[in-house]
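Residues per chain are reported as follows:
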Amino acid sequence: MNLAFLIMLFAMMSSTLVQGQEARVQSSADTTRMRIGEQIEFRIEVETDSSNVVFFPDGQTFLPLEVVEAFPVDTLKAEDKYSLIKKYALTQFDSGSYTLPTQQIMVGDKAYFTDSLRVAVNTVEVDTLKQKMYDIKGLQPVDRSLSHWWQYLLIGLLVVGGILGILYWFLWRKKPLTEEEAAALLPPYDRALLALEKLDNSKYLIQSEYKEYYSDLTNIVRSYLEDEVHITALESTTSELILKLEMLRDSGTLKLDDASISQFQEVLETADLVKFAKNVPDDSVIKHDRELAEALVNKTHDSLPEPEESEEDPEVALELIRKKQRKKKVIYASLASLGFLIVVFGSLSYFYGFKSVKDTVLLHPTKQLLDKEWIGSDYGYPSIYVETPEVLLRTDQPWPEEIRNQIFGSQVFHLDELGAPFYINLRVTTFKKESKIDGSEAMNNAIKLLEDSGVTNMLVKEEDYTTMTGKEGLKIFGTMGVPVKGGKYKKMEYAMFNFVHAGGLHQLLMVFEQDDPYAPQLVERIIGSVDFKKAG
């Protein structure tokens, strides 16, 4: 008897201990009636001890109501218990009566559920006797935002400004003739005398740079002989040059005496000793060689016949120099512009990627669509909200004859034409009350419409699809041959999304070129924007 009593007592104590560990979950709303667009506050309170971890609902688990904001958890302590309070702001944009589903709360490893709640969403009443009613306004032009274009404008101004600056610096800027260019305009005789004068003012002798001095001295005379006598003097050795002068003298072309040629030979041999044997001549020798060099120039000039007028015309020589200058300027400007463009293109490629920059410069059609300022709008009735690169235009595209008697109304909107790099077709159809909307039949009818437009070899794949807002639909996708000019066909990809909403059938078709890297991004962005309520 005592043993049975002890067992019963132990069981009662265990039951009391387990009950003490149970959590308490309560839920409530500040109101169950609201107007379209208003918010209600839904509150979940969990009472438990500190040893349990509590997980509240997260995300859009309150559908058909939408979570506007989930507030942080408030914690209150009462004796050995904790009260955790989680609040949610919920809203709805369509009138009607909605059931707020039960919500699961995890306390430790045990699940608790709130009660469902009925919420009435009422329309905003309008007194038509006091509030004057107006017709629906037509489409109004809207200035497109240029928020994304300032970058292109800035880059364009940078490129154009850089190229104009390069052209100005190398082509259009008037520069005075350099000392070398001005000297080049002089006749060979005057040019040689001017060079000898500059040599006298140099610091070669002061700095004991005898090799440089004699190199310039002999090169001045050699250059003069090349320009005036027309012999290859700069590339000739001393013996070769003397031999050429003697041959000209013997032929009567150059009237130089033997003494002048011999004296010039002495100057050249002294220069060779200085340059190659590092010989250091006396100052008197240097002075004497300088005088002999100028004397040879003078005697050579006096022995030659007077040049023709055209050969000595400074304007002709100046024009030749200017032509050379212009040619150099064009070459330098072209190279500088090319280098500038390479730097700009390389910098942009580093930050934005080579392919993106290349396709932007080459005006890739789908890249342009992706970079545009997108427009969101409601189409058809019952309306579907879609964001697209450009506004879809309304067109006439009737259903096949065999199902027209089932249709109450149909509206079609499109962007571009079938066969374009990226084609959009949106069809919103309402059926008569006695007609049944069958997803598979609607898909087959849509395929027949495409085939009637000339499409061939359609490969059809099918899968269920759910939008970002939780709307379920059917997706068909694959490839097909699209007719192009010349009776040919181009293989393209397509994706069609079918949704049934509020008694209407919504079909969104996108056709694009294969291997287009930007087309999937366009499709994802367009279908990700689909909604079935008024935007905003």
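Before reading on, note that the structure itself is shown above.
A brief structural summary.

What counts, and where the lines are drawn
- Residues numbered from 1 in each chain as written.
- Predicted model: local features only at pLDDT ≥ 70, side-chain atom pairs only at ≥ 80, totals over all residues.
- Heavy atoms only, no water.
- Helix = DSSP H or I, 4+ residues; strand = E, 2+ residues; numbered from the N terminus.
- Buried < 20%, exposed > 50% of the residue type's maximum accessible area, 1.4 Å probe, protein only.
- Axes fitted to C-alpha atoms, helices over the stretch in contact; angles between N-to-C directions.
- Left-handed = near helix turned anticlockwise from the far one by under 90°.
- Contact = heavy atoms within 4.5 Å.
- Nonpolar A, V, L, I, M, F, W, Y, C, P; charged D, E, K, R; others polar.
- Parallel < 35°, antiparallel > 145°, perpendicular 65-115°, else oblique.
- Pairing = 2+ DSSP bridges.
- Expected span 1.5 Å × (residues − 1).
- Arc of directions from axis to C-beta.
- Core = buried A, V, L, I, M, F, W, Y, C linked by side-chain atoms within 4.5 Å.

## A few points about unusual backbone geometry
(1) Moving on: With omega at 15 degrees, the peptide bond leading from Leu 63 into Pro 64 counts as cis.
(2) Moving on: As for its position among the elements, Pro 64 is in the loop between strand 4 (54-55) and strand 5 (66-70).
(3) Moving on: Phi is positive for His 230, which is not a glycine, with a value near 65 degrees.
(4) Moving on: Tracing the sequence through the fold places His 230 in the loop between helix 5 (210-229) and helix 6 (238-251).
(5) Moving on: Judged by its relative accessible area of 65%, His 230 falls in the exposed class.
(6) Moving on: Here the phi dihedral of Lys 278 falls at roughly 55 degrees; this positive angle occurs in a residue that is not glycine.
(7) Moving on: With respect to the secondary-structure elements, Lys 278 resides in the loop between helix 7 (258-276) and helix 8 (283-303).

## Remarks on the packing of helix 5 against helix 6
Helix packing geometry: the angle between the two helix axes and the distance between the axes.
(1) Moving on: Between helix 5 and helix 6, the shortest axis-to-axis distance is 13 Å and the interhelical angle comes to 35 degrees. Seen along the crossing, helix 5 lies across helix 6 with a hand that is left-handed. Contacts between helix 5 and helix 6 involve Arg 222, Leu 225 and Val 229 from the first element and Thr 238, Leu 241, Leu 245 and Leu 248 from the second.
(2) Moving on: Class assignment for the residues of the contact of helix 5 with helix 6 results in five nonpolar, one polar and one charged.

## Let's talk about the packing of helix 5 against helix 8
(1) Moving on: Two elements in contact, helix 5 and helix 8, have axes whose closest approach is 10 Å; the angle formed by their N-to-C orientations is 5 degrees. Between helix 5 and helix 8, the interaxial angle falls into the category roughly parallel. Between helix 5 and helix 8, the contacting residues are Tyr 210, Tyr 213, Tyr 214, Leu 217, Val 221, Tyr 224, Leu 225, Glu 228 and Val 229 on the first element and Val 285, Ile 286, Asp 289, Arg 290, Ala 293, Leu 296, Val 297, Thr 300 and His 301 on the second.

## Here's the deal with the sheet that holds strand 11 (residues 117-122)
(1) Moving on: If you trace the three strands from one edge of the open sheet to the other, you get 2-11-8, paired in mixed fashion. Sheet topology places strand 2 (33-35) and strand 8 (96-100) at the edges, where each strand pairs with a single neighbour. Across this sheet, the average inter-strand angle for adjacent strands is 30 degrees, counted without regard to direction.
(2) Moving on: Both strand 2 and strand 11 contribute to a ladder of three bridges, which runs parallel. Opposite Arg 33, over in strand 11, you have Ala 120 as the bridge partner.

## Re helix 6
(1) Moving on: In this model helix 6 runs 20 Å from its N-terminal to its C-terminal C-alpha over 14 residues, within 8% of the 20 Å that 1.5 Å per residue would give.
(2) Moving on: Among the residues of helix 6, Thr 238, Leu 241, Ile 242, Leu 245 and Leu 248 are the ones counted as buried. The arc enclosing the buried residues of helix 6, seen along the axis, measures out at 120 degrees, which places them on a common side. Of the exposed residues in helix 6, the ones pointing more than 90 degrees away from its buried face are Ser 239, Met 247 and Asp 250.
(3) Moving on: Buried-residue contacts for helix 6 involve helix 5 and helix 7.
(4) Moving on: Once helix 6 finishes, Gly 252 follows within two positions and takes phi at roughly 85 degrees, a positive value.

## Quick look at the side chain of Ser 236
(1) Moving on: Mapped onto the secondary structure, Ser 236 falls in the loop between helix 5 and helix 6.
(2) Moving on: Since its relative accessible area comes to 7%, Ser 236 is described here as buried.
(3) Moving on: Discounting residues that sit within four places of it in the chain, Ser 236 has contacts with Arg 222, Leu 241 and Lys 244.

## Overview of helix 14 (residues 519-528)
(1) Moving on: Within helix 14, the full set of buried residues consists of Ala 519, Leu 522, Val 523, Ile 526 and Ile 527. All buried residues of helix 14 lie within an arc of 115 degrees about the axis, which places them on one face of the element.

## Considering the nonpolar core
(1) Moving on: Core analysis: the biggest nonpolar cluster contains 33 residues, and Leu 217, Leu 225, Ile 231, Leu 245 and Phe 264 have the highest contact counts within it.
(2) Moving on: For this core, the elements supplying multiple residues, two or more each, are helix 4 (188-200), helix 5, helix 6, helix 7 and helix 8.
(3) Moving on: Ranked by residue count, the leading element in this core is helix 5, at nine residues.
(4) Moving on: Sequence-distant contacts of Ile 231, that is, excluding residues within four places in its chain, are made with Leu 225, Glu 226, Leu 241, Leu 245 and Leu 248.
(5) Moving on: Ranked by size, the runner-up nonpolar core spans 27 residues in total, among them Leu 415, Ile 424, Tyr 518 and Ala 519.

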